[in-house]
Every structure is written in C-alpha cells, then in structure tokens.
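# Fold and geometry: a report
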Amino acid sequence: MNERLSISAARNIFYGGTIFFAVIFIGLVIDSVYYATDPETSNAEEINEQVALGKEVWERHSCINCHSLLGEGAYFAPELGNVWVRRGGAEDPEGAADYIKEWMKSQPTGIEGRRQMPNFDLSEEELDALVEFFKWTNGIDTQGWPPNDEG
Amino acid sequence: MKYQTQQVALYYFVGALVLFLSQVTFGALAGAVYVWPNLLAETLPFNIIRMIHTNSLIVWLLMGFMGAAYYLVPEEAETEIYSSFLAKLQFWLFLGGGAAAIVGYIFGVHGGREFLEQPLWIKIAIVGVMLIFLFNLSMTILKGRKTAVSVVLIIGLWMVALLFLFAFYNPVNLVLDKVFWWFVVHLWVEGVWELIMASILAFLMIKMTGVDREIVEKWLYLIVSLALFTGLLGTGHHYYWIGTPGYWQWIGSVFSTLEVAPFFAMVMFTFYMVWKGGRKHPNHAAILWALGCSVFAFFGAGVWGFLHTLANVNYYSHGTQVTAAHGHLAFYGAYVMVNLAIITYALPKLLGREPYNQTLNMWGFWICSSGVAFMTFTLTFAGVIQSHVQRYLGEAYMDVQDQMMFFYQLRLGSGLVVVIGAFIIVYSLLVPGKEAQRVNSTAQQPAE
C-alpha cells in the first residue's frame, strides 16, 4: 500500500466518503418515497381497505416463499405481480377475479409430478381482498417490467 | 488465547455450526422438492422449508459474527470482555429466540416478508439481544485499545442493528414496503456485513501473516470505503422494477457494477498479505478458508452479481434462477467462508488444542466449495434458459420450469455434496483428531 497514504487519511476518506454517499442515497430515497405516494406518479391513492386486507392475507400465508412479486421472492412458483393481466383482468375483470379465486379453492391439485400449492382455507372476503391486492399491484408503474404477461 | 473471557466465543461458534447443518439440510430438502414436487407437500410445504433454510442461514451467520467479535475484540482492545455473564445470557436468548422462530414456522407461526418472517415478538427479542451484545462489546472497546479492526467491526455491528429496525416498518403501499425492506436486506449483505467481513479478514491477516498492523489497517479502510461508496447507491439495482423512479436504472447499473471493486480488493489484500508475510502459520486450514473466502466472494458477490446487475440485462433475468445462483455463491463465498475461517482459526485455541484435523477440514473445504460452485453453474444455466424462453420468448412459467428439470436434478446432486462437505467440516472442527490427542498429552503450547 502507498507509503504516502497515512492511516488517519485512510480513515478520514472512509468516514467522509461514506457520509457523502449516504446523504445522496437518503436524498434519492426521499424523492422515491414522494414518487411512490404522489397520485401523479403512482397508484397509491387507489389503496383501500380491501387492498390492505389482501396484503395481510398474502403475508399471513407467506406466499412470497414460493411465488415472486415484482420479481422478488422464491422463484418456485409463478410471478404474481401481473397475474391480473395474465388472467385477462384488463378485458374481463370479473372473469379474472373468478379464475384466481377458483384456482385458490381448488388447491392442492395432488397431481403427481406437479408442484403443489397448499389450500389456505380462505374466506370469500379474504379471497376478494387478495384479488384486489393483485389488481392494485398490477397497476404499479414498474417501468415496463416484466417483458411479457407470463411474468 | 490471551484473555479468559474470549472463551464465550465457543458458545457462539458451536451454536453457529449446529445451525449451519440445519441450513444445508433444509436446503437439500428444498432442492429435493424441486425434483419430486409431491414430497412432503401436505406436511411441510415448500414455503416453510425455504423459510427454515434462509432463517437458519441468517441466524448462524450472525451468531458466527458475534462469536468472532467476542473472540477478536479482547485481543484487539487488549482487555477482558466487559461482562462474560451478559455474553452467555445473550447467547442463550439468541439461540432460544432462533429456535423458537424455527419451531414456530413448522406450526405455521410466521410473518410474510421474505427473510423477515420472524413474528413480532421474536423481532423485538432480536433487538433486545443485539442491544445486550452491542452494549457489552462497546464497553469492552471503550475501556481498551481502539484499533481500526475493532472500530470498523463495531460500526458494522451497530449498523446491522440500526438497519434491522426497518424490519418493523411494513406499510400497506407495496412499493414503500419493498423500498425499505431492502434497507435491511441489501444494506446488510452488500453494505455493513462487508465491514464485519473485512475486519474479520484483517484480524486473521494480522494474526496469521505477521504483516505490520498499519499496512493491514490501511487496506481495511480502503476495502470498507469501496464497499460503502459503491454499496449504498448500489441499492439502486433493487429499485429498477418496483414502482420507483426510472433514474435508479442508471444509478443502480453504475454503482452496483462498481460493487465488484471491494471484493477484488479483498482478493488482492488476502493474497498479498499471505505472500508478503511469508511466514508459515501452522493453521493451514484457516489460511485456506481466508484465501478461499476472498476468491469465492469475488466470484459470487462480484462476478455473479455483475452478471445480472445492468438494468437492460436485469430486465430479462430479474427473479429467475440467475438470482438464485448469485445468492448461493455470494452468501457462501462472503459470509459462510469468513465465518468458517475465523472458526477454524479460533476453535483450536478455544479448546486448548493445536490445529487439528487439518486435512479433514481442508477436504471439507474442497468438497463443500466444489458443491456450491457446481450448484451455481447449474442454477446459472437454468436461469439463462428461463430468461430466454420465459422472459424473451414468452412461454408460460410452469412449461419453462419443466424444461429446466435436468438442471434441478444436477442442483440436487451438488446440494447433497454440500451437505456432506458441511458435515465433514463441522466434524473436523468439533471432534479432536489423533494428532490433537498426541499434542495435548505432551505439552500445552503457548497460544498465538
């Protein structure tokens, strides 16, 4: 290591530089928080009690440890961030909602050699809420991701 | 071993090694479910198996870091630990909390955010344990010599605890949920954990190569500077597609590409120190783990991270098996190996034996590392297929998964090799060999 760089100079570079980059990072995160809550740039205003309950159901059963949501999760089961459009929610909202609810109710399939999803015994209210959560999530502006409806 | 209270590290190291075995066993089980999807489907669904796999990993790595801190801080600060009672109490609380969480998962008691599935009361207990730990360690450093190694280490550990507080914030707005979830996940593993890792490596280099502390500490500051200068804004590579502004694609691409730099510096550092030191330290296995750590971290976190970090590549690879490949090699290279390096170095001293079962330990190194490397290759191939066929050509998820089965079979095979390697490593560390018994019966060698 360079003889001219003293240990205290190295230490000051570490502290000074870290503070510098931390300030920029925090500034950008604050801007992103505004972006994600502003009705101009986000769908945050469309969050209602059903969406909130849907998210709670999603978390209670730890869906994320099989599925992914906006690409984050376990990759063992399909992406669900855009399951709403994949099941035709754009053209036929009722049909898509029914499809998702019936799918949940008919699990597990028990088919040999096929990945199994447990039955979570959800009430009609919880199923509706979960659908609303998927519908809302589908409306997040994800900069064009994923590349196609298959997720 | 110079200070009596360093002995508490033994609890942490043994606890960490036991959880290590749990982690790899449940990992292999999850790999088996990929190949035989009906396995345990009714009794222990995949999401629970994976939760136990990832949580065991996180808890054992943290436990190892705590053990490392209790081992190295007294030698750095040249004083006994402030309270060995608190250190032991904290160990049992942490182990109890971790065990309760894992048993709870089996019975369906869990939260639903990835890696942060611990129920609220366990999260509160974790904060309590961390506060006891940080108080105990900070008091030790305050009353003793303050070296760069122990200061960087304690900053890293304090930041681990502070960032964990974001685990308590779970807004209904999924975008904000994800933004701050990464404050724990990314800023831990691509931020402050690197401080802990670098300071442990620096300690090992000082002890094992005999190179001047001043040179080692300058390297340490260089490495941790690079880690945070790139890692903080590198968080941007998680903000591409989750409802955050488009500028993150540029910031994330540039800074996360630079995240390779601290890992490359660690390779330069460890090899240069071992070469410059030129001293033959008797604990060959510990040197092997330390060198292996920097190399595997460079490939896992550095190269495999870069592979899919540019926004226009990530557009196709995001959330495929490419991510899984990177995750496995990066965690193994950086944090599993640094833990095994310090444990391999410290356990013989804590148990009052000369380095023992070295050959077996090194066999464990090569078997486990080959297994993880091969697993990474298979998952990378699987992920490239998935990116192309599903993301680019638009075939349905499950159809593409069927086409990847061959790679999942190979992954299960390599996973079993990892399990065998892990058991060999733990056996070689905990069970004395013939050479150790011989040495023990002749004379107690002075430590260091």
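Residues numbered from 1 in each chain as written. Chains lettered and ligands numbered in written order. Predicted model: local features only at pLDDT ≥ 70, side-chain atom pairs only at ≥ 80, totals over all residues. Heavy atoms only, no water.

## Describing the interface of chain A and chain B
Every contact between the two is made by 69 residues of chain A and, on the other side, 82 residues of chain B. Across the interface of chain A and chain B, roughly 6400 Å² is buried in total on both sides, 65% from carbon and sulfur atoms. Our count for the chain A to chain B interface comes out at 2 salt bridges. The shortest N-O distance in the salt bridge between K178 of chain B and E72 of chain A comes to 2.8 Å. Counting across the interface, chain A meets chain B through 33 residue pairs in polar contact (both at pLDDT 80 or more). (Contact = heavy atoms within 4.5 Å. Buried area = accessible area lost by both parts, 1.4 Å probe. Salt bridge = Lys/Arg side-chain N within 4 Å of Asp/Glu carboxyl O. Polar contact = N/O pair within 3.5 Å; in protein donor to acceptor, adjacent residues only side chain to side chain.)

## Brief notes about a negative patch on the surface
A cluster of like negative charges, contributed by E91, D92, E94, D98 and D149 of chain A, occupies part of the molecular surface. Summarising the element assignment, E91 of chain A is placed in the loop between α3 (83-86) and α4 (93-105). (Patch = residues over 30% accessible without salt bridge, like charges linked within 9 Å, V, L, I, M, F, W, Y side chains within 5 Å. Areas by Shrake-Rupley, 256 points an atom, 1.4 Å probe, with all protein chains shown as cover. Lys, Arg positive; Asp, Glu negative; His and termini not counted. Charge placed at Lys NZ, Arg CZ, Asp CG, Glu CD. Helix = DSSP H or I, 4+ residues; strand = E, 2+ residues; numbered from the N terminus.)

## A look at unusual backbone geometry
In the segment running from Q107 of chain A into P108 of chain A, the intervening peptide bond is cis, with an omega of -10°. Along the chain, the position of P108 of chain A falls in the loop between α4 and α5 (124-138). Of note, the amide linkage connecting W145 of chain A to P146 of chain A takes the cis form, showing an omega dihedral of -5°. With respect to the helices and strands, the residue P146 of chain A is situated in the segment after α5. In this model, D121 of chain A sits at a positive phi of 55°, which is unusual for a non-glycine residue. By secondary structure assignment, the location of D121 of chain A is in the loop between α4 and α5. Accessibility expressed as a relative area gives 69% for D121 of chain A, which makes it exposed. The phi dihedral of N357 of chain B is positive, around 45°, even though this residue is not glycine. (Buried < 20%, exposed > 50% of the residue type's maximum accessible area, 1.4 Å probe, protein only.)

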